[in-house]
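Notes for the structure review
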Amino acid sequence: MRIAVCPGSFDPVTYGHLDIIDRASRLFDKVIVLVSYNPGKSSAFFTLEERVDMIKTVTKHLENVEVDSNDGLLADYLKRTNADAIIKGLRAVSDFEYEFQMALANKKLYSGAETVFLTTSSENMYLSSSVVKQIASLGGDITGLVPDEIRDTIKNRLYLSK
Ligand code: PNS
């Protein structure tokens, strides 16, 4: 049983993330989407529970995908779950340096898992959770950026919080 973990902040999940999750689910027997704490980012806009719920909603058609959360080291989670791989999406060369450093740090902490980079689909190259939040908070249309089932939740939370 080959297990991959797809870690990220997912604040919120976008079509870019979903594309990577979907492709990872074809490569591995089980994919765990792991809502994780990123110490390098200021606190998330959506709560952990909201982020987990949104991912569950948009991945319910993928039978081998599970959703979990972790507020510690990714390496410890990989070890606990006996995972074989970390899946990361790369959008541009600018993502690479940071992701390469993370991959080496994770390998040093836990050598049992490999980091596998998937290149983002070209139509999602500009897409990020920050872009979605900025557009939604200013009343813009986020159709096509996030799955329809979670569009209104994101729109309402961001627009009303202004
Ligand atoms: O979506 P993001 O914010 O780019 O994802 C980054 C994330 C959450 C995957 C990364 O910050 C992470 O792995 N956090 C857990 C803590 C950890 O293990 N850090 C790596 C070792 S230095």
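The preceding data block contains the structure.
Everything in this summary refers to the structure shown in the same document. (Residues numbered from 1 in each chain as written. Predicted model: local features only at pLDDT ≥ 70, side-chain atom pairs only at ≥ 80, totals over all residues. Heavy atoms only, no water.)

1. Points about the overall build of the protein chain
For the protein chain, the helix and strand inventory stands at 6 helices and 5 strands. Reading the secondary structure of the protein chain in the N-to-C direction produces β-α-β-α-β-α-β-α-β-α-α. Here the C-alpha radius of gyration of the protein chain, 15 Å, is about what a compact globule of 162 residues would show, namely 15 Å. If you line up the protein chain on its principal axes, its C-alpha atoms span 45 × 30 × 30 Å. Split into buried and exposed, the 162 residues of the protein chain put 44% on the buried side. Partitioning the contacts of the protein chain with sequence separation of at least 6, the portion at a separation of at least 24 is 76%. (Helix = DSSP H or I, 4+ residues; strand = E, 2+ residues; numbered from the N terminus. Rg over C-alpha atoms; globule rule 2.2 N^0.38 Å. Buried < 20%, exposed > 50% of the residue type's maximum accessible area, 1.4 Å probe, protein only. Contact = heavy atoms within 4.5 Å.)

2. Points about the pattern of salt bridges
Scanning the entire structure with this criterion turns up 12 salt bridges. The shortest N-O distance in the salt bridge between R26 and D22 comes to 2.7 Å. Highlighted residues: R26 and D22, both in helix α1 (residues 15–27), separated by 4 residues, approximately one helical turn. Of the residues examined, R26 reaches a relative accessible area of 63% and is grouped as exposed. Here E50 makes a salt bridge to R157, at a shortest N to O gap of 2.7 Å. (Salt bridge = Lys/Arg side-chain N within 4 Å of Asp/Glu carboxyl O.)

3. Overview of the site of the ligand
With respect to spatial proximity, 14 residues lie near the ligand, and among them S9, Y37, N38, K41 and L74 are the closest. With respect to the ligand, the backbone of Y37 contributes an N or O atom lying 2.9 Å from a nitrogen atom. Here an oxygen atom of the ligand sits 2.8 Å away from a polar atom, N or O, in the side chain of N38. Taking 550 Å² as the accessible area of the ligand by itself, protein coverage stands at 81%. Elements supplying a minimum of two residues to the shell around the ligand: β1 (3–8) and α4 (93–109). Its residues assigned to classes, the shell around the ligand shows 6 nonpolar, 6 polar and 2 charged. (Near = heavy atom within 4 Å. Polar contact = N/O pair within 3.5 Å; in protein donor to acceptor, adjacent residues only side chain to side chain. Areas by Shrake-Rupley, 256 points an atom, 1.4 Å probe, with all protein chains shown as cover. Nonpolar A, V, L, I, M, F, W, Y, C, P; charged D, E, K, R; others polar.)

4. Re the pairing of strand β5 (residues 114–119)
Here strand β4 (residues 85–90) runs beside β5; their pairing, made up of 6 bridges, is parallel. When the bridges of β5 are listed, I86 appears paired with T115. What joins β4 to β5 is α4, and the crossover it makes is right-handed. (Pairing = 2+ DSSP bridges. Right-handed = clockwise from strand over helix to strand, strands pointing away.)

5. Comments concerning the environment of L90
Positionally, L90 belongs in strand β4. Taking the C-alpha atoms as reference points, L90 and T119, separated by 29 residues in sequence, lie 4.9 Å from one another.

6. Let's talk about the sheet that holds strand β2 (residues 30–36)
Here 5 strands make up an open sheet; going across it, the order is β3-β2-β1-β4-β5 and the pairing parallel. Of all strands in the sheet, those with a lone pairing partner are β3 (65–70) and β5, marking the two edges. Here the average twist between neighbouring strands, direction ignored, is 30 degrees. α1 contacts β1, β2, β3, β4 and β5 of the sheet and is inclined by roughly 125 degrees relative to β5. Together, β2 and β3 form the strand contacts of helix α2 (residues 48–58), whose direction differs from that of β2 by roughly 155 degrees. (Axes fitted to C-alpha atoms, helices over the stretch in contact; angles between N-to-C directions.)

7. Digging into the nonpolar core
The biggest cluster of nonpolar side chains holds 32 residues, and the ones touching the most others in it are V31, I87 and I154. Elements with a minimum of two residues in this core: β1, α1, β2, α2, β3, β4, α5 (129–137) and α6 (148–160). Residues contacting I154, with those up to four places away along its chain left out, are P12, F46, M54, V132, A136, I142 and V146. Among the nonpolar cores identified, the runner-up in size contains 12 residues, and I3, V5, I32 and A113 belong to it. (Core = buried A, V, L, I, M, F, W, Y, C linked by side-chain atoms within 4.5 Å.)

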